[in-house]
Structures are given as C-alpha cells and as structure tokens.
Amino acid sequence: MRDISVLLSLLFLLLNLSLSLLSASSCKDKSPLRMVSGSGRFKIALFADLHYGENAWTDWGPAQDVNSDVVMSTVLDSEKPDFVVYLGDVITANNIAIQNATLYWDKAISPTRKRRIPWASVFGNHDDMYFEWPSEWFSATGIPQVNCPLSSISYSGSEPCTFRGTMRVELMKTEIANNNLAYSINGPRELWPGVSNYVLQLLSSDGTKPALLMYFLDSGGGTYPEIISYAQAQWFEKQSQLINPNSKIPEVIFWHIPSTAYSQVAPKPNSVIAKPCVGSINKESVASQEAEWGIMDILTARPSVKAVFVGHNHGLDWCCPYRSLWLCFARHTGYGGYGSWPRGARIIEVTENPFTLKSWIRMENGSTHSELVMSP
C-alpha cells in the first residue's frame, strides 16, 4: 500500500512538472528551444532600452528608431544569436501620441523577426506609461491635430484616436498573437499588473533534458510601482522548486529595473571598473527598484541561479559578483532614451558538457569587450 502511495506521489509530481514545462516553453505552435547540435552552444543577445517612438511627432524621434534598427542589425549579423531577449523599455509610451503603441513595439522587434530569430520580452517602466503632453504643444501656434494611425493598422478598442496609453496586457497579447517566433508569455493573472512573469526552458542539443532555465520577471514601473512583489518572489520560489527541485539545472534571470542589491555591489559612479567587476562604462548611480520584497534572498539561496540581467541604467554596463551569483547590466542598445554613450548589446553564451556561462558586449561599431566567464 505504501509503495502505491509513493508511486502515485511520483506520478503527480511528474504530471505537475510536465505541465509546468509545457507552460514554460509556450510550445503551443513553437519548437522547443535547444542547444545547437554539434557545437553544444546557445547564444543570446540582450536588447535593452530601445525606446522606440520617443518624440514620435518630431523629425528627431523617427531618426533615432532608424539608428536603433542599425545597432540591432549590426549585432544580429555579427553574433548570429540563437535567441534575443528584449529587456524592457522597448518603447517610450509616454511619448507616443496614439492610442495603441503596438505599432512601435512591432517596429522594435522587426530586425529580429526579419532574421527568423526567436525572442522573448519583459516590460520596463516606459512601456506602458501614460502619454505626457509636450509643453510646446501649448505655444501660440496652438495644439496640433492628433496624427491618428493609418486605417490599415489594427488597433484595439472602438473609440476614435485618443491619447490613451496601451497597457502591458495588450502589448503582450498583440506580440504573441502576431508573431510565431515570440516566446513571450502573459504570466499568471494573480501576479498582474506585473505581466511578463514566466519561465522558458532550453533543452540539451539532443533534446533529452533541460540544459538551462530562463526566468523572466516584470519589475514594474509605468502605470504601477517599480517593484518585484512578494507574490512574484513566492511564484518564482514555487516554480523553481517544482521544475528544478534539486537545483541541478542552471538558471538565469531577466528583468528590467535593478534590485537594491545592485547598489550594494556597484562601483563608485565615474570610477574605473575594477575586478572582480567587469565592464566598460560606469557613468551614473544605480537607479534601483523602490524596495526589495524577498526575491534576492530566494535567488541567492539557490546554487542553480548563476546570474541576473537588467537594463534601465543607460550609463552602466558592468557585471559584479553578489554572494553566489552575478549581477549584470546590459548595454544601452537604442538611440532613444538619455545618454550619448556608444550603443551595443550584451551577449550571453551557454555551453553544455560541461556547462559554462560566458558573456561579453558587442558594440555598434562591431567591436567586442568585457568578456567574462560567470560559471565554469
């Protein structure tokens, strides 16, 4: 009788594990993500802070979007990654004077989609901000007419063209519905308004076992506080213990706004980045989340968690060790947003047999720097 009870418990655990991995892979019509056969490698490009649609009513704004296209195209053609992560602030919604920001979101992912590279995205603090009226619109020349989108573009809602922002749920829903290569997921409803909370698995090159788990968390901002909530932290802990109970599968984490832990390890602003930190620009203080509600304690308690990757600070691109893992900034990729530093993208390379996690930065001029081995 006891043997039957144990067997039923194991079957129940396996069923839950299968369901979790099925959801995590979002494999409804998509192929599972796998290490590249032969090389046993998998390369990820991080595109952070693109800020498409910024100052969209000016000549300057659209020109910056074109420049961002060039940066992403250079990185994609040089590195030929197997996967892309859009690491938040894909658009500057507070500058987009149309009711639906999906037009600009679609423009931002087009270089990746054009090359048939799969991707996933998380939200930043600008992606669903409310429109901010430019003061010059109230000058003596009068408020200009709203430039409504072309009739050929699909927009949600039946109301006429307005300045209503587009919320996270709508942005994610449209991305998923219109792109077979998008592995993004509208996360559990109980975690909303944080929407981009999900996990994807990367399989071994032979497809027989998970080689890496990639967690995506919505760090808030825009229409609600810049925070990873206690509920999100508990969700991660539950998912990671279910899918990876013995911490045997390596895990990496992606969100947009750095946690307060980043401030603890940050080099002094404008100082030279010295070992054990690795990077090339250190031009500002860490702009962290409003508070920390348990996520870092959970992450550092898991030996399987190797690194956290964030964006948000355009003038930082360093990685620093924190307890048992690495805290890393991406590189400001987009020409929208503040700062005039050269643009680029952080690259992550995963290798199996044995597992290694490496990273470096690829610049818009084609050069590379800041190579780092985070896990031998």
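The structure reproduced in this document is the subject of the present report. Predicted model, so just to flag it, every value in this text is computed and none were measured. (Residues numbered from 1 in each chain as written. Predicted model: local features only at pLDDT ≥ 70, side-chain atom pairs only at ≥ 80, totals over all residues. Heavy atoms only, no water.)

**Focus on the overall build of the protein**
If you tally the helices and strands in the protein, you get seven helices and 13 strands. For the protein, with 376 residues in total, the buried portion stands at 55%. By sequence separation, contacts in the protein at least 24 residues apart represent 71% of the contacts at least 6 residues apart. Roughly 16,300 Å² of accessible area belongs to the protein as shown, and the carbon and sulfur atoms make up 56% of that amount. (Helix = DSSP H or I, 4+ residues; strand = E, 2+ residues; numbered from the N terminus. Buried < 20%, exposed > 50% of the residue type's maximum accessible area, 1.4 Å probe, protein only. Contact = heavy atoms within 4.5 Å. Areas by Shrake-Rupley, 256 points an atom, 1.4 Å probe, with all protein chains shown as cover.)

**Observations regarding the packing of helix H2 (residues 60-79) against helix H3 (residues 102-114)**
Here H2 crosses H3 at 25 degrees, and the two axes come no closer than 8 Å. Viewed along their axes, H2 and H3 adopt a mutual orientation that is roughly parallel. Between H2 and H3 the crossing geometry is right-handed. Side by side, H2 and H3 meet where Asp65, Asp69, Met72, Ser73 and Leu76 of the first sit next to Tyr104, Lys107, Ala108, Pro111 and Thr112 of the second. Grouping the amino acids of the contact of H2 with H3 by side-chain chemistry returns five nonpolar, two polar and three charged. (Axes fitted to C-alpha atoms, helices over the stretch in contact; angles between N-to-C directions. Parallel < 35°, antiparallel > 145°, perpendicular 65-115°, else oblique. Left-handed = near helix turned anticlockwise from the far one by under 90°. Nonpolar A, V, L, I, M, F, W, Y, C, P; charged D, E, K, R; others polar.)

**Description of the state of the cysteines**
The final tally for this structure, using the stated rule, is two disulfides. A disulfide bridge connects cysteine 277 with cysteine 320, and the sulfur atoms are separated by 2.0 Å. Torsion about the S-S bond of the cysteine 277 and cysteine 320 cystine: about 115 degrees, corresponding to right-handed handedness. Of this pair, cysteine 277 sits in the loop between helix H6 (260-265) and helix H7 (295-300) while cysteine 320 sits in strand E9 (residues 319-322), placing them 43 residues apart in sequence. Look at cysteine 277 and you get buried, because its relative accessible area is 10%. (Disulfide = S-S within 2.5 Å.)

**Observations regarding the sheet that holds strand E5 (residues 198-203)**
Pairing within the open sheet is mixed, and its seven strands lie in the order E1-E5-E6-E7-E8-E10-E9. In the strand order of this sheet, the two ends are held by strand E1 (33-34) and E9, each with one partner. The pairing of strand E6 (residues 210-216) with strand E7 (residues 251-254) spans four bridges and is parallel. Looking at the pairing, leucine 213 lines up with glutamate 251 of E7. Against the sheet, helix H5 (residues 230-243) touches E5, E6, E7 and strand E8 (305-310), its axis set at about 170 degrees to E6. (Pairing = 2+ DSSP bridges.)

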